[in-house]
Amino acid sequence: MTGEKPLISVEGLARRFPTAGGKGETEIFGDVWFHVHHGEFVCLIGHSGCGKTTLLNILAGLDKPSDGVVIVDGREVTGPSLNRAVIFQHHALLPWLTAIRNIAFGVESRWPGWSRQKVREHCQKYIDMVHLTGSEEKRPSQLSGGMKQRVGIARAFAIEPKILLMDEPFSALDALTRGSLQEELLSICQNTQQTAFMITHDLDEALLLADSIVLMTNGPDARVCEIIENTLPRDRTRSDMHTHPNYYPMRNHLVEFLVNRSKRFREEISTSSYDPRHPPVVRPSASPEKPGTTKWAS
Amino acid sequence: MSTNLRAAMLSVVLFCAFCFAWQLWVGAQSGVAGDVDPEYAALLGQQAKGGSAVPGPLDVGKAIWAHIANPFYDKGPNDKGIGIQLAYSILRVMMGFLLAAAVAIPIGFFIGMSEVFRKAVDPFVQILKPVSPLAWMPLALYTIKDSGASSIFVIFICSIWPMLINTVFGVAGVRKEWLNVARTLEVSNVQMAWRVILPAAAPTIFTGMRISIGIAWLVIVAAEMLVGGTGIGYYVWNEWNNLSITGVISAIFFIGVIGMLLDFILARLVRLVEYAE
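## Here's the deal with the overall build of chain B
Within chain B, the regular secondary structure consists of eleven helices and zero strands. Computed over the C-alpha atoms, the radius of gyration of chain B is 24 Å, more than 25% above the 19 Å expected from 2.2 N^0.38 for a compact globule of 277 residues. Taken along its principal axes, the extent of the C-alpha atoms in chain B is 85 × 60 × 35 Å. The buried share of chain B, reckoned over its 277 residues, is 33%. Intrachain contacts of chain B at a sequence separation of at least 6 include 68% that bridge at least 24 residues.

Okay, structure coming up:
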């Protein structure tokens, strides 16, 4: 993936907020560099307070960075765009609109010239895709949490974005619903070659969905610790993923990071040759020849 | 037995008890009236044989029925049917109220969008809101120089505050995530106002309208007592001048019924725009 130009390029991103006292600023995160390539699914993992949501809002164009830029498709992000759809943590459906009208809201904005009939057919396609056929005319209050988030997913895909941005989209759902939605999302993304960036703190979610995982250290002053390449085969499923020999090396690496390394990352970089522009890329695996090999991204 | 049915039965019992107590009180009054000088009693419109000036529930019931049977007669400026008087009042309330809505809702919408504006306008609203609308009456009479228009102005001024405050509150309180959704979908500002902010704030705005129409209906009676001529407020005052307590009590009844209907209509409108989250 190194030769190809990345679709999203996050370059030296930092976000500072004024401190509560009014004097000075607190840096939530800084010197954040990473890339997302066409068709790639990238997850970002970190503890709460490391600015995950802020980072996603900057990618979406809803917030502005204090330093650095986000470049999408060769252009700097200056505001929200229909090319970057967002699936919000709490679905964020408009409660006075029916499921299909919520989806149509984005579709009408994307293709203002379309006839009512065409908009409806287009929306119906995405309603069917997320298995909500029959619930088109229901309002969000009449839908379960999982169904609401399905509408949110349909709304995001219906505008056919270049990039899908997700902010812990399944964190408010129960485990069973979460599992089935993750699998659906995975298959939709694979079928459509969708480029996606997701924030999560669920390790298994990241292992199932992501091609690579960006590890963020604890905030304030959060940094990208390293980038993990998922060594599990691409045709993994939720039910057989844990039987693969690479599953535990991958998972243990992530747990070790979240439990220990995310806190003492400052000490760790003082003794290594950490370069924020090229955070180490790690491929945890069970194969003996290159266990936890560290290579440096070009 | 359902709660509603039991409540309805209790309502009937309460009403009967009230009428009974009323009748007892009127009976006790008539004894007192008997001691009054017959000439004075005649002046007060009482029957010389010792009837009371305070009507009993049956008299009032009969008067109300007579009003309902013939609400729209017109026998000159001092004797019009209660339907005509109520219609005048409703018309004034509607004009003042709609005028106030046309001013308060758009202005409230813009103020609500900007925190600076909201804070800047707040002291004016806080000072003007508690002023009794009738205090504006002399100013209105002096500047407008028309008593009918002045009473409409008084209605306008009293209904503007709840609508303004609620519109500002509703618009300012639109959930950030809904605005963010619209922004990520590159919705234009006009579309954002029309398709996100307005429906989101509509229940609060309509609740403001409901409060306003309640206040307007309270104020119109007092305003019409002051300006005179027509309207239910003038009617009440006229009946008092005629010493027709029956007329006053039946007017109170009709004022209450119309007020209830106005509130009911607005409550229905609120329910139309309400949404469950």
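## Overview of the overall build of chain A
Scanning chain A from terminus to terminus reveals eight helices and twelve strands. Against the compact-globule benchmark of 19 Å for 298 residues, chain A has a radius of gyration of 20 Å, which places it among compact chains. Overall, chain A is about 60 × 50 × 40 Å in size when its C-alpha atoms are taken along their principal axes. Looking at chain A as a whole, 42% of its 298 residues qualify as buried.

## Overview of helix α8 (residues 176-184) of chain B
The set of residues buried in α8(B) consists of Trp178(B), Val181(B), Ala182(B) and Thr184(B). Each buried residue of α8(B) sits inside an arc of 165 degrees when the element is viewed along its axis, so together they form one side. The secondary structure elements touched by the buried residues of α8(B) are α1 (52-60) and β6 (84-87) of chain A together with α9 (189-227) of chain B. Directly after α8(B), the chain includes Glu186(B), whose backbone phi takes a positive value near 50 degrees.

## Thoughts on the environment of Arg183(B)
Within the fold, Arg183(B) resides in helix α8. The class for Arg183(B) is partly exposed, based on 18 C-beta atoms found within 10 Å. Those residues in contact with Arg183(B) that lie beyond four places of it in its chain are Leu62(A) and Pro80(A).

## Some words on the domain arrangement of chain B
Segmenting chain B into domains produces domain 1 (3-54) and domain 2 (82-273). Here the C-alpha centroids of domain 1 of chain B and domain 2 of chain B sit 37 Å apart.

## Examining the interface of chain B and chain A
Frequently, the measure chosen for interface size is the accessible area removed from exposure when the parts meet. Facing 14 residues of chain B, the contacting portion of chain A comprises 18 residues. Broken down by secondary-structure element, the contributors of at least two residues to the side of chain B that touches chain A are α8 and α9 of chain B. Per element, the largest residue contribution to the side of chain B that touches chain A is six residues, and it comes from α8(B). Residue composition of the side of chain B that touches chain A, by class: eight nonpolar, two polar and four charged.

## Section: the pairing of strand β7 (residues 163-167) of chain A
All names here are of chain A. Across the five residues that make up β7, a large majority, five, are buried. Of the two faces of β7, the one holding Ile163, Leu165 and Asp167 and the one holding Leu164 and Met166 are both buried throughout. Where β6 meets β7, four bridges bridge the pair, whose relative direction is parallel. Paired with Val86 across the bridge in β7 is Leu165. Pairing of β7 with strand β8 (residues 195-200) involves five bridges; the strand directions are parallel. In the sheet register, Leu164 faces β8, and the bridge partner there is Ala196. Considered for its hand, the β-α-β crossover made up of β7, helix α5 (residues 175-192) and β8 is right-handed.

## Structural notes on the nonpolar core
Counting 133 residues, the largest nonpolar core has Ile103(A), Leu165(A) and Ile155(B) as the members making the most contacts within it. Of all the elements, α9(B) adds the most residues to this core, at 15 residues. Residues contacting Leu165(A), with those up to four places away along its chain left out, are Leu56(A), Leu59(A), Ala60(A), Arg84(A), Ala85(A), Val86(A) and Phe197(A).

## Details of the packing of helix α7 (residues 147-172) of chain B against α9(B)
In a pair of packed helices, the angle between the axes and the distance between the axes together describe the arrangement. Residue and element names in this part refer to chain B. The N-to-C vectors of α7 and α9 enclose an angle of 155 degrees; their axes lie 7 Å apart at closest approach. Comparing their axes, α9 and α7 come out roughly antiparallel. At the point where α7 passes α9, the crossing takes the right-handed sense. Taken together, the residues of the contact of α7 with α9 sort by class into 20 nonpolar, eleven polar and one charged.

## Here we look at the pairing of strand β10 (residues 224-229) of chain A
All names here are of chain A. One ladder, built from five bridges, connects strand β9 (residues 212-216) with β10; its direction is antiparallel. Across the sheet, the residue bridging to Val214 is Ile227, located in β10. Sheet topology note: the β10/strand β11 (residues 281-283) ladder contains two bridges and is parallel. Within β11, the residue paired with Ile228 across the bridge is Val282.

## Some thoughts on the sheet that holds strand β1 (residues 8-18) of chain A
Residue and element names in this part refer to chain A. Pairing in this open sheet of four strands is antiparallel, and the strands run β2-β1-β4-β5 from one edge to the other. A strand with exactly one partner marks an edge of an open sheet, and here the two such strands are β2 (25-36) and β5 (75-76). The pairing of strand β4 (residues 67-72) with β5 spans two bridges and is antiparallel. Opposite Val72, over in β5, you have Arg75 as the bridge partner. On top of the sheet, α1 reaches β1, β2 and β4; it is set at about 125 degrees to β1, its chief contact.

## Here's the deal with the packing of helix α4 (residues 82-113) of chain B against α9(B)
Residue and element names in this part refer to chain B. Running from amino to carboxyl end, α4 crosses α9 at an angle of 140 degrees, the nearest separation of the two axes being 9 Å. Classified by the interaxial angle, the pair formed by α4 and α9 is oblique. With respect to the hand of their crossing, α4 and α9 are arranged in right-handed fashion. Residue-level inspection shows Ser89, Arg92, Val93, Gly96, Phe97, Ala100, Ala101 and Ile105 of α4 in contact with α9, the latter providing Ile205, Met209, Ser212, Ile213, Ala216, Trp217, Ile220 and Glu224. Among the residues forming the contact of α4 with α9, the class breakdown is eleven nonpolar, three polar and two charged.

About the thresholds
Starting from 1, residues in each chain are numbered consecutively following that chain's sequence as written. Going through the entries in the order they are written, you letter the chains from A and number the ligands from 1. For a predicted model such as this one, the threshold for reporting local features is a pLDDT of at least 70, and the threshold for listing and counting side-chain atom pairs is 80 or more; totals across whole chains, interfaces and linings nevertheless cover every residue. Strands here mean DSSP runs of E at least two residues long; helices mean DSSP runs of H or I at least four residues long; both are numbered from the N terminus. This radius of gyration counts C-alpha atoms alone. The globule rule is 2.2 Å times how many residues there are, raised to the power 0.38. Exposed residues have 12 or fewer other C-beta atoms within 10 Å of their own C-beta, buried residues have 20 or more, and partly exposed residues fall in between, where C-beta atoms are placed from the backbone. The contact criterion used is a C-beta to C-beta distance within 7 Å, with each C-beta placed from the backbone. It is the directions from the helix axis to the C-beta atoms whose arc is reported. These domain limits were set by an automatic method or by a database of domain assignments. Each residue gets one label: Ala, Val, Leu, Ile, Met, Phe, Trp, Tyr, Cys and Pro are nonpolar, Asp, Glu, Lys and Arg are charged, and the others, such as Gly, are polar. Criterion used throughout: strands pair if DSSP finds at least two bridges between them. When the strands point away from the viewer and the connection leading from the first strand across the helix to the second strand turns clockwise, the crossover is called right-handed. Throughout this description, the term nonpolar core refers to a group of buried Ala, Val, Leu, Ile, Met, Phe, Trp, Tyr and Cys residues whose C-beta atoms join them within 7 Å. Inter-axis angles, ranging from 0 to 180 degrees, are taken between N-to-C directions of lines fitted to C-alpha atoms, where helices are fitted over the stretch in contact. Reported orientations rely on four angle classes, namely roughly parallel under 35 degrees, roughly antiparallel over 145, roughly perpendicular from 65 to 115, and oblique for the rest. Should the near helix be turned anticlockwise from the far one by less than a right angle, the crossing is termed left-handed; should it be turned clockwise, right-handed.

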